[in-house]
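Structural characterization, general
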Amino acid sequence: MKTTENNDQLTRWLDGELTPAERAAFEAEMQSNPLLQEEATMMKRISESLHQSVTLEMPVPHSDFFNSQIMDRVYELQKSEERAAEPSNTLSWFSWLRAPWAIAGAAALIAVTALIWQTSGTEDRTEIVSLYAPNPSVQAKTSYNAAADATVLTLDGLDTFPADKEIAGYQVHHSENDAALATTTLYNEKNEVLVVMATDATNQPTMFTR
Amino acid sequence: MCVALVLFVSSCFAQSEPPPSITAKAATEGRVWGALIYASNSKTDKNQETPDFPKLATRLGKAFPFTNFEILGQHTQVIFREYESWVVPSKDLFLKLDSKGAAKKGGINLHIQFWQAQQVLVKSDVVLQLDSPLFIGGPKWRDGRLIFVLVLKKPETAK
C-alpha cells in the first residue's frame, strides 16, 4: 500500500534529497512493497527521460547587452522611487531638526554630502548637452551605459546603407591644417595624402580623395 | 570653388612628398581617437583590439546587441582651438568638431556634427571627458549596424 508519506519520500528519493539513513529505510520498504517499487521505477524512468530531452539552461543571446540594459532600468526605477519618496522625507527632516544635537549633526552631514558630491558627481563622464537631428524622421536618444562606462547616442530611423555598398575605411595617422585655405589634409602612416577636407560657402563638407 | 584650393588639392595628390604646411602650427585643445565600427552577429570573430581603446568589443557589447565589432577605419586627430577639426575614419561617415573651450577635469566642450556624405545626421553640444567614450549608433548596414566611437585622449605631443 502507498501512503502520503511514501509519496513525499518517493519525490525526495527521486530528487536525491534523502539522508543516507532515510534512503536505506525507503529502499528497504520498496523491497517489501511491490506497488511502491513499480511506481518508483516508473517515476525514475520519466524523470531521467525529462532530464535528457529538456535543456534546463538556455543561453541568453547578447547577455552582456541585456544585463546592462536591465541594470540601467533598475537604476532608473530606483532613482524615480527616490524622487517619489522625497516629499514625505521633508516632513521627517523638519521634525528631526528639532532635536538638540541637530545643528552639529546637520553641519557634519552637509560636510560629508559636499565631499561625496565633489568626488562622485557625473563630471568625469562625457555628457550630451543638446541634440538636433535635422531629419524629422530620425529619433535621437541619449543615455549613459554604466556597464560600458560610455555615453551612448542612438540614432533610429536613419536610412539603411545599401548592403552592396562597400564602406571605405581610412587609417589616418596624422593631419595638417591650412588656415589660409581652411583645409585639413589627412595622411596615412606612409605620409601619403588620403583626403583633403574643406567646407564650401554653405558650410557643407567637401572631400577630395585620390 | 577658389582656384587656390584646386591648386592646393592637386599639388597634394600629385607630389610624392606632401607640400609644406603654409601656416605655423595651430593651437590645439586636445586629441581624440575616432573609429567607425561595423557591429554584427557574424559567426566569424572579427573583434579587434586596439591600444587606442582597450576592451573595445567588450564595452560596445554592453551597449549594443551585437557580438562582433570590426574596426573599419580609425583616426587620431588633434582638436584645433580656432579651426574646425575633422575625424574621418571613412569617407561615408565622419565627424566635424568645433572646440568651445576647455571643460572641468581635463574635458573639452565641443560642437559635434555627424555627417553621412553630404547629409548631416545630428548636431550636438557635448562635454567630452578623458577616457569617457561617446558611442554613436548610426545607420544599419548589411546584417548589423555602423557605430562611431569618439574618445578624448590624454594630452600628448600632437601628431
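This section reports on the structure supplied with the text. Keep in mind it's a predicted model, so treat the numbers as computed, not measured.

1. Points about the sheet that holds strand β1 (residues 28–40) of chain B
- Spatially, the seven strands line up as an open sheet ordered β2(A)-β3(A)-β7(B)-β8(B)-β1(B)-β2(B)-β4(A), and their pairing is mixed. The sheet terminates laterally at β2 (139–145) and β4 (171–172) of chain A, the two strands that pair on one side only.
- As paired elements, strand β3 (residues 150–156) of chain A and strand β7 (residues 134–141) of chain B share four bridges and run parallel to each other. If you follow Val152(A) over to β7(B), its bridge partner there is Phe135(B).
- In this fold helix α2 (residues 56–63) of chain B packs onto β2 and β3 of chain A together with β1, β2 (68–80), β7 and β8 (144–153) of chain B, with an angle of close to 105° to the strand it touches most, β2(B).

2. Examining unusual backbone geometry
- The backbone of Asn191(A) sits at a positive phi, close to 65°, despite the residue not being glycine.
- With respect to the helices, strands and loops of the structure, Asn191(A) is situated in the loop between β6 (183–187) and β7 (193–199).
- A positive phi angle, close to 55°, is found at Asp131(B), a residue other than glycine.
- Take Asp131(B): it is sitting in the loop between β6 (119–128) and β7.
- Looking at Asp131(B), the relative accessible area reads 37%, which means it is partly exposed.

3. Re the interface of chain A and chain B
- Each partner contributes to the interface: chain A provides 75 residues, whereas chain B provides 74 residues.
- Regarding the contact of chain A and chain B, the summed buried area is about 6,500 Å², with carbon and sulfur atoms giving 58% of it.
- For chain A, the biggest contributors to the area lost against chain B are Thr126(A), Phe161(A) and Asn177(A); these three give 10% of the whole.
- Applying the counting criterion to the chain A and chain B interface returns four salt bridges.
- A salt bridge links Arg142(B) to Glu166(A); the nearest nitrogen and oxygen atoms lie 3.0 Å apart.
- Our count for the contact surface shared by chain A and chain B stands at 34 residue pairs in polar contact (both at pLDDT 80 or more).
- Contributions of two or more residues to the side of chain A that touches chain B are made by α4 (63–96), β1 (127–132), β3, β4, β5 (174–178), β6, β7 and β8 (205–209) of chain A.
- With five bridges connecting them, β1(A) and β6(B) associate as antiparallel partners. Within the sheet, the bridge partner assigned to Ser130(A) lies in β6(B) and is Asp125(B).

4. Quick notes on the side chain of Gln129(B)
- Here Gln129(B) shows up in the loop between β6 and β7.
- You can call Gln129(B) buried: its relative accessible area is 4%.
- In terms of polar contacts, Gln129(B) uses its side chain to reach the backbone amide nitrogen of Gly107(B), at 3.4 Å.
- Excluding its chain neighbours within four sequence positions, the residues that come into contact with Gln129(B) are Glu123(A), Asp124(A), Arg125(A), Thr126(A), Lys104(B), Lys105(B), Gly106(B), Gly107(B) and Leu152(B).

5. A look at the sheet that holds strand β4 (residues 93–102) of chain B
- If you trace the five strands from one edge of the open sheet to the other, you get β1(A)-β6(B)-β5(B)-β4(B)-β3(B), paired in antiparallel fashion. Here the strands that pair on one side only, and so sit at the sheet edges, are β1 of chain A together with β3 (85–87) of chain B. The sheet shows a mean angle of 25° between the axes of neighbouring strands, taken without regard to direction.
- Judged from the eight bridges that link them, β4(B) and strand β5 (residues 108–116) of chain B form a sheet pairing that is antiparallel. When the bridges of β5(B) are listed, Leu93(B) appears paired with Gln116(B).

6. Structural notes on the layout of surface pockets
Residue and element names in this part refer to chain A.
- Volume-wise, the largest pocket comes out at about 670 Å³.
- Lining the largest pocket are 24 residues; nearest its centre among them are Asp72, Glu76, Thr142, Ser143 and Tyr144.
- Those elements that place two or more of their residues in the lining of the largest pocket are α4, β2 and β3.
- No other element matches the nine residues that α4 contributes to the lining of the largest pocket.

7. Some details on a nonpolar patch on the surface
- Together, Met42(A), Met43(A), Ile46(A) and Leu50(A) give the surface a local cluster of nonpolar side chains, amounting to about 350 Å² of exposed area.
- Looking at the element boundaries, Ile46(A) is found in helix α3 (residues 34–53).

Definitions and cut-offs
Residues numbered from 1 in each chain as written. Chains lettered and ligands numbered in written order. Predicted model: local features only at pLDDT ≥ 70, side-chain atom pairs only at ≥ 80, totals over all residues. Heavy atoms only, no water. Pairing = 2+ DSSP bridges. Helix = DSSP H or I, 4+ residues; strand = E, 2+ residues; numbered from the N terminus. Contact = heavy atoms within 4.5 Å. Axes fitted to C-alpha atoms, helices over the stretch in contact; angles between N-to-C directions. Buried < 20%, exposed > 50% of the residue type's maximum accessible area, 1.4 Å probe, protein only. Buried area = accessible area lost by both parts, 1.4 Å probe. Salt bridge = Lys/Arg side-chain N within 4 Å of Asp/Glu carboxyl O. Polar contact = N/O pair within 3.5 Å; in protein donor to acceptor, adjacent residues only side chain to side chain. 1 Å grid on protein atoms, 1.4 Å probe; cavity = no way out; pocket = protein on both sides within 12 Å on 5 of 7 lines; lining within 4 Å. Points joined across faces, edges and corners; volume = space filled by probe spheres on them. Patch = residues over 30% accessible without salt bridge, like charges linked within 9 Å, V, L, I, M, F, W, Y side chains within 5 Å. Areas by Shrake-Rupley, 256 points an atom, 1.4 Å probe, with all protein chains shown as cover.

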